[in-house]
Amino acid sequence: MTQTDIKQIIASFTSIEQALEYFDIGFDSRFIDEYRTVLVKRFNGYLLLEKPDDWFSARRALKSAYCKVQRSRLEPHSRSACRGCTSCQRR
């Protein structure tokens with residue numbers, strides 16, 4: 001799969017749920033409903049920064065965006081663990 005192929009696949013998605021399902025990332029639909037815009041913006045930002053060249057690098061960008069939004073919901077002054085994130089590698 002070339003870089004243009006993965007870009008075309010990502011461009012064909014009409015919702016963030018399609019991207020999450022394509023990249024095999026579990027998600028909570030209530031979380032997506034509430035943070036859809038933030039998640040899409042962060043994912044697009046990571047795609048601009050990293051320029052994914054294959055399925056794995058695009059998946060890593062989406063997982064990073066999902067996890068970052070999840071962690072932003074935590075209390076910043078506590079040491080609480082990430083909860084509810086099905087794809088978090090920081091547990």
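As the structure is a prediction and not an experimental result, all values here were calculated from the model.

**Here we look at the confidence of the model for the chain**
Scored by pLDDT, the chain has a mean of 85; 85% of the residues are at 70 or more. Taken element by element, the chain is modelled with least confidence in helix α1 (residues 3-12), mean pLDDT 87, and with most confidence in helix α2 (residues 16-22), mean pLDDT 95.

**Description of helix α4 (residues 55-72)**
Over its 18 residues, α4 extends 26 Å from the first C-alpha to the last, a length consistent with the 26 Å expected when each residue adds 1.5 Å. For α4, every residue scored as buried is listed here: S57, A58, A61, L62, K63, A65, Y66, C67, V69 and Q70.

**What to know about the packing of aromatic side chains**
Per the stated rule, a full pass over the model turns up 7 aromatic pairs. Aromatic pair F13 and Y22: ring centres 5.6 Å apart, planes at 55 degrees, arrangement tilted. Given a relative accessible area of 30%, Y22 falls into the partly exposed group. Ring-pair connections join several aromatic residues into one group, and the members of that group are F13, Y22, F23, W55 and F56.

**Points about the pattern of salt bridges**
Under the definition given, this model contains 3 salt bridges. Ionic pairing is found between D33 and R36, a salt bridge with its closest N-O pair at 3.3 Å. Of this pair, D33 and R36 both sit in helix α3 (residues 29-50), 3 residues apart, which is roughly one turn of that helix. The network of salt bridges with shared partners includes E17, D33 and R36.

**Here's the deal with the side chain of S57**
Positionally, S57 belongs in helix α4. Setting aside residues no more than four positions away along its own chain, S57 makes contact with E50 and P52.

**Considering unusual backbone geometry**
In this structure, D24 takes a positive phi of about 55 degrees despite not being glycine. Mapped onto the elements, D24 comes out in the loop between α2 and α3. On the basis of relative accessible area, D24 is assigned to the exposed category, the value being 59%. Non-glycine residue K51 carries a positive phi angle of around 50 degrees.

**Details of the nonpolar core**
Most often, soluble globular proteins have nonpolar side chains that are buried together. Counting 20 residues, the largest nonpolar core has I10, I16, F23, F43 and L62 as its most contacted members. When contributions to this core are tallied by element, the ones reaching two or more residues are α1, α2, α3 and α4. Contacts of I16, omitting those with residues within four sequence positions, involve I32, R36, L39, V40, F43 and L62.

Parameters at a glance
What you see as residue numbers is a count from 1 along each chain, following the sequence as written. pLDDT decides what is reported in this predicted model: residues at 70 or higher carry local features, side-chain atom pairs at 80 or more are listed and counted, and totals for whole chains, interfaces and linings draw on all residues regardless. Side-chain metrics in this entry use all non-hydrogen atoms of the structure; hydrogen atoms and water are not considered. What pLDDT conveys is the predictor's confidence in a given residue, as a value from 0 to 100. Where helices and strands are cited, they refer to DSSP runs of H or I of at least four residues and of E of at least two residues respectively, numbered from the N terminus. Helices are assigned an expected span. That span is 1.5 Å times one less than the residue count. Burial classes: relative accessible area under 20% of the type maximum marks a residue as buried, over 50% as exposed, and values in between as partly exposed (1.4 Å probe, protein chains only). Two rings from Phe, Tyr or Trp (for Trp, the six-membered ring) form a pair when their centres are within 6.5 Å of each other. A pair whose planes differ by under 30 degrees is stacked, one over 60 is edge-to-face, and the rest are tilted. Salt bridges, as used here, are contacts in which a Lys or Arg side-chain nitrogen is within 4 Å of a carboxyl oxygen on Asp or Glu. The contact criterion used throughout is that any non-hydrogen atoms of two residues lie within 4.5 Å. Joining through side-chain atoms within 4.5 Å is the link that ties buried Ala, Val, Leu, Ile, Met, Phe, Trp, Tyr and Cys residues into a set, and such a set is a nonpolar core.

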